[in-house]
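Observations on the three-dimensional arrangement
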Amino acid sequence: MSGHPDEGARRLPAFVPWLALGGAICFDGDFPGVFASAAERGLELLLLPSSDWKGISPLHTRQAVFRAVERGFSMVRQVNQGLSVAVDGYGRVYGELDPFTAEERVLRAELPVGRVPTLYARIGDSVGLLSGLVALGWVLQASVRGLVARRRSAVRLAREDDPGPLSVID
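For the structure given in this document, a descriptive report is provided here. Bear in mind the structure is a predicted one, so any value in this text is a computation, not a measurement. (Residues numbered from 1 in each chain as written. Predicted model: local features only at pLDDT ≥ 70, side-chain atom pairs only at ≥ 80, totals over all residues. Heavy atoms only, no water.)

1. Some thoughts on the overall build of the protein
The criterion, for reference: Segments assigned H or I by DSSP are reported as helices when at least four residues long, segments assigned E as strands when at least two residues long, and all are numbered from the N terminus. With a 1.4 Å probe rolled over the protein chains alone, any residue whose accessible area is under 20% of its type maximum counts as buried; one over 50% counts as exposed, and the rest are partly exposed. For this analysis, residues touch if any pair of their heavy atoms sits within 4.5 Å. Computed with a 1.4 Å probe, the accessible areas rest on the Shrake-Rupley method; for each residue, only the protein chains presented here act as cover.
Scanning the protein for helices and strands turns up 4 helices and 8 strands. Traced from its N-terminal end to its C-terminal end, the protein shows the element sequence β-β-α-β-β-α-β-β-β-β-α-α. Within the protein, the fraction of its 170 residues that count as buried is 32%. Of all intrachain contacts in the protein linking residues separated by at least 6 positions in sequence, the fraction that spans at least 24 positions is 52%. Of the roughly 11,200 Å² of accessible surface on the protein, 61% is carried by carbon and sulfur atoms.

2. Section: the pattern of salt bridges
Opposite charge on two side chains permits them to pair, given that their charged atoms come into close proximity. Threshold: We define a salt bridge as a contact between a side-chain nitrogen of Lys or Arg and a carboxyl oxygen of Asp or Glu at a distance within 4 Å.
The final tally for this structure, using the stated rule, is 5 salt bridges. A salt bridge links R77 to D52, with the nearest nitrogen and oxygen atoms 3.2 Å apart. With R77 in strand β5 (residues 74–77) and D52 in the loop between β4 (50–51) and α2 (57–71), this pair connects stretches of sequence that are 25 residues apart. Using a relative accessible area of 0% as the deciding quantity, one classes R77 as buried. You can call D52 buried: its relative accessible area is 5%.

Encoded structure:
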C-alpha cells in the first residue's frame, strides 16, 4: 500500500474461491478506516505482517486484535521482533508467539475464519459521537447555570448594598 492509509481499503478483500482474504502491513492496522469498507465487503481473514520492537510489541498487537474484533474478521499478525498472534473475530486467541520469551520461533494455530457481525461495524463511531455531544451539552448546561447563579448573586448583593429610597419623617 502506498500513500494514504485508506488507499488500500479499496482493494481489500481479495476473493479466492473459498475465502475473502485481505492483506495489509504493520501501521495500516492502526487505522479503523482501512478495514471499514473491506469488512462491509465480507473480509473473513486478514494477514497483517509487521515489524515491532520490544517496547511497543504487546500494545501494537493488541491494537490490531481490537481492529479484528470491531470489524468481525479473523486475523493473523506475524511480527518480526514482537508478539505474533492468530485471533478470530471475537478476539479469541488461537495462537501466540512472543520471540522474547519463546524458545520455539514457529507460530502454529488452527484458526476458524469467517465473518462475525458486530454492532460497531453497523453503527461505527456514532455512539462515541453521541456521547461527546451529550457531554458537551452537560458542560454547556453547567456553564449556563453557573452564569445565572453568579448573576443572581450579584443582583442580591447590589440590593443589599442599596439603602433604597430615603423617607423623611415630619
